[in-house]
Amino acid sequence: MNNIQQKITTHYQNDLPFVVYNKPNSTTVFGLFQKDNHLHKITNKFDRKGFVFAPFHSDLTTVLIPFEDSEFVISELATKAINKSQRHFQNTSNSSKETHIHLVKKGIEAIENDAFKKVVLSRKEEVSNVEIDIFETYEKLLQSYPNAFVYVWFHPAIGLWFGATPETLLNIENKCFTTMALAGTQVYKENETPNWNQKEIEEQQFVTDYLVTKLSHFSKDLKLSETETVKAGSLLHLRTEVQGRLKNSNGDSLFGLVDLLHPTPAVCGLPKETAKQFILDNEDYNRSYYTGFLGEINMGISNNDAQLFVNLRCMEIKKNKAIIYVGGGITKESDPQKEWEETIAKSNIMLSVI
C-alpha cells in the first residue's frame, strides 16, 4: 500500500488524474495513475480500456482514465485499527429540512396525480473547514465498508471524489451479465430482524420489474435471485440480482446496455424519463457525478467486459469543503419526515471518515 499512497500524493500534488479502488469483499486494491492531465471523454461507445466516471445527466462529461496512458498498480490492503469520526450534521439548518420535506411532498403529489410511480429525490450537505488526507480517508472507507465498491477518483478538470457504493450497475464477463435491483433503506440494528414495510417492498419491486422488462431486449435467459436483505455500512437494503447472457457483445452494445440501465429506477424513478425531468426541474442543485456510474471497462479477460457501479454514498471535496450527496426513493407510501431522517442516516457514512 505504501507505493499506492506515494503515487496518490505525487499525482495529486502534480494535478495528474488517478483512481484507486477496491471491489466488494476483496482486499485487493487497484490504482490507475494517468501519465498526463489530458481529459479523455466518452461520447457514444465503450471501445477503450480503462476506468470510466460518468455523471447523472448528460450535461456533464463522461471521463475515461485510459489503461494505455496510465500506470496500473495492484496492492493488498493491510489491516489495521482505524479511528472513525463521530461527526454528525448538528448544524443542518431548519430551512434545509423544510426544503427537502417540501420537495418530497411535491414528489408524492405528482405520484398521486399519476405523473410517475416512483421518483428518487436528493439533496447535498456541505461541511466546511475539512482537512482531508486522501489516502487516510480512502483507507477508512475501505476498512469500514468491505462489502462496497470503494474508491477515490481525481481529475484536475473535474475534481476529487470519494465513495463507498453498495450498488452494482452492471457486470459483464464473457457475454454473461449481472445487475441488481437495490431499493428500500432502513438503519441496521444489531440482533434485530429487519421489518420491511409495504412502501419499501413496493419500491424494490418497481426496480426489479423495470430491469426485467428492459433487459429482455438483450437476453432471453434472465434469471432472478430471491430478494434478500443486505447490509451496507450502517444501513440495510433489499436486493434482487438479475443474470443473463447477451445476444451480442461489442463496444456499441455495451454502451447501449449501460445507456438503457442508467440512471436506474433506484436513483431516478419510474418511468425513467418522466421522473428524471421532475428531478431536473425540482431539485435545487446539480447532482453532478452523484448517482452517475463508475468502474472498469474492457479490463477483463475478453473485450467488452465491464464492472460498473452506481455512484452512491459519495462526496466531493472542494478546497476545504466536503459536499456530501444523499437521497431516497419516493413512492405514494412515503412519509416526508422519515425520508428526511433517511438522508441523515445516509450522510453519516461519509461523515464517519472525515
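Rules of the game
Residues numbered from 1 in each chain as written. Predicted model: local features only at pLDDT ≥ 70, side-chain atom pairs only at ≥ 80, totals over all residues. Heavy atoms only, no water. Phe/Tyr/Trp six-rings, centres within 6.5 Å; stacked < 30°, edge-to-face > 60°. Helix = DSSP H or I, 4+ residues; strand = E, 2+ residues; numbered from the N terminus. Buried < 20%, exposed > 50% of the residue type's maximum accessible area, 1.4 Å probe, protein only. Expected span 1.5 Å × (residues − 1). Arc of directions from axis to C-beta. Contact = heavy atoms within 4.5 Å. Polar contact = N/O pair within 3.5 Å; in protein donor to acceptor, adjacent residues only side chain to side chain. Salt bridge = Lys/Arg side-chain N within 4 Å of Asp/Glu carboxyl O. Pairing = 2+ DSSP bridges. Axes fitted to C-alpha atoms, helices over the stretch in contact; angles between N-to-C directions. Core = buried A, V, L, I, M, F, W, Y, C linked by side-chain atoms within 4.5 Å.

What is the right way to read the packing of aromatic side chains from this model?
Centre-to-centre distance and the angle between the planes together describe a pair of aromatic rings. Scanning the entire structure with this criterion turns up 20 aromatic pairs. Ring geometry for Phe18 versus Phe33: centroids 5.9 Å apart, planes at 25°, classification stacked. Of this pair, Phe18 sits in strand S1 (residues 18-22) while Phe33 sits in strand S2 (residues 28-34), and the two are 15 residues apart along the sequence. The class for Phe33 is buried, based on a relative accessible area of 1%. Ring geometry for Phe149 against Phe309: centres 4.2 Å apart, planes inclined by 15°, an arrangement best described as stacked. With Phe149 in strand S8 (residues 149-155) and Phe309 in strand S17 (residues 306-310), the pair connects residues that are 160 residues apart, well separated along the chain. Just as Phe149 is buried, Phe309 falls in that class too.

So what exactly am I meant to see when it comes to helix H1 (residues 2-13) here?
With 12 residues, H1 extends 17 Å from end C-alpha to end C-alpha; this agrees with the ideal 16 Å at 1.5 Å per step. Turning to H1, its buried residues number three or more, namely Ile4, Lys7, Ile8 and His11. Buried residues of H1, seen end-on, are gathered within an arc of 105° and therefore sit on one face of the element. Opposite the packed face of H1, turned more than 90 degrees from it, sit the exposed residues Asn2, Gln6 and Gln13. The inward-facing, buried residues of H1 abut S1, S2, strand S6 (70-76) and helix H3 (134-144). At the C-terminal side of H1, Asp15 shows a positive phi close to 55°.

Looking at this structure, how should I read helix H7 (residues 336-351)?
Since there are 3.6 residues in each turn of an α-helix, residues three or four apart along the chain are aligned in direction. With 16 residues, H7 should cover 22 Å at 1.5 Å per step; its first-to-last C-alpha distance of 23 Å lies within 8% of that length. Within the sequence span of H7, burial applies to Pro336, Glu339, Trp340, Glu342, Thr343, Ala345, Lys346, Ser347, Ile349, Met350 and Leu351. For H7, the capping residue at the N-terminal end is Asp335, with a side-chain oxygen 2.9 Å from the backbone nitrogen of Gln337.

I tried to follow the pattern of salt bridges on my own but got confused; where do I start?
Oppositely charged side chains may form a pair once their charged atoms are brought near each other. Taken as a whole, this structure holds 15 salt bridges when the rule is applied. Asp69 is the salt-bridge partner of Arg48, the closest N and O atoms lying 3.7 Å from each other. With Arg48 in the loop between strand S3 (40-42) and strand S4 (50-54) and Asp69 in the loop between strand S5 (62-66) and S6, this residue pair connects regions lying 21 residues apart in the sequence. Arg48 gets classed as partly exposed once you look at its relative accessible area, which sits at 29%. Among the ionic pairs, Glu342 bridges to Lys346, the shortest N-O distance being 2.8 Å.

Which parts of the structure should I look at to understand the sheet that holds S8?
Backbone hydrogen bonds are what pair the strands of a sheet, in a parallel or an antiparallel way. One open sheet accounts for 9 strands, arranged S6-S2-S1-S8-S9-S18-S19-S7-S15; its pairing is antiparallel. Taken across any chain shown, the strands that pair with only one partner, and hence form the sheet edges, are S6 and strand S15 (269-270). Lying on the sheet, H3 is in contact with S1, S2, S8, strand S9 (159-165) and strand S18 (314-318); it crosses S9 at an angle near 15°. This element, helix H6 (residues 272-282), spans strand S7 (118-127) and S15 of the sheet and lies at about 35° to S7.

Is there a simple way to think about the environment of Phe162 in this case?
Relative to the helices and strands, Phe162 resides in strand S9. As a C-alpha pair, Phe162 and Ser225 span 63 residues in sequence and 30 Å in three-dimensional space.

How should the nonpolar core be read in this particular structure?
Nonpolar side chains tend to gather and get buried jointly when the protein is soluble and globular. In terms of nonpolar packing, the biggest core is built from 53 residues, with Tyr151, Trp153 and Leu170 touching the most fellow members. Excluding anything up to four places from it in sequence, Trp153 contacts Phe18, Val19, Phe51, Phe53, Val63, Ile65, Ile158, Gly159, Leu160 and Trp161. Core analysis: the next-biggest nonpolar cluster, separate from the first, contains 36 residues, Val326, Leu351, Val353 and Ile354 among them.

Can you walk me through the pairing of S17 in this structure?
Each regular strand shows side chains that alternate between the opposite faces of the sheet. In terms of burial, S17 is a largely internal element, 4 of the 5 residues being buried. Here strand S10 (residues 168-173) runs beside S17; their pairing, made up of 4 bridges, is antiparallel. By the bridge assignment, Leu170 is partnered in S17 with Leu308. Bridge analysis of strand S16 (residues 293-297) against S17 gives 5 bridges, and the strand direction is antiparallel. Within S17, the position partnered with Phe293 by the bridge is Val310.

Looking at this model, I keep getting lost on unusual backbone geometry. Mind explaining?
Most peptide bonds are trans, and most residues other than glycine sit at a negative phi. Here the bond from His262 into Pro263 is cis, since omega is -10°, no more than 30 degrees from zero. As for its position among the elements, Pro263 is in the loop between helix H5 (251-261) and S15. Residue Leu270 is joined to Pro271 through a cis peptide bond whose omega torsion reads -15°. Assignment of secondary structure puts Pro271 in the loop between S15 and H6. One non-glycine residue, Lys175, lies in the positive phi region at around 75°. By relative accessible area, which is 30% here, Lys175 ends up partly exposed.

How do you make sense of the pairing of strand S14 (residues 235-245) when you look at a structure like this?
Counting buried positions along S14 gives 8 out of 11 residues, so the element sits mostly inside the fold. Where strand S11 (residues 176-187) meets S14, 10 bridges bridge the pair, whose relative direction is antiparallel. Bridge pairing in S14 links Met180 to Glu241. Examined bridge by bridge, strand S12 (residues 223-224) and S14 share 2 bridges and lie antiparallel to one another. The residue bridging Lys223 from the neighbouring strand is Gln243, located in S14.

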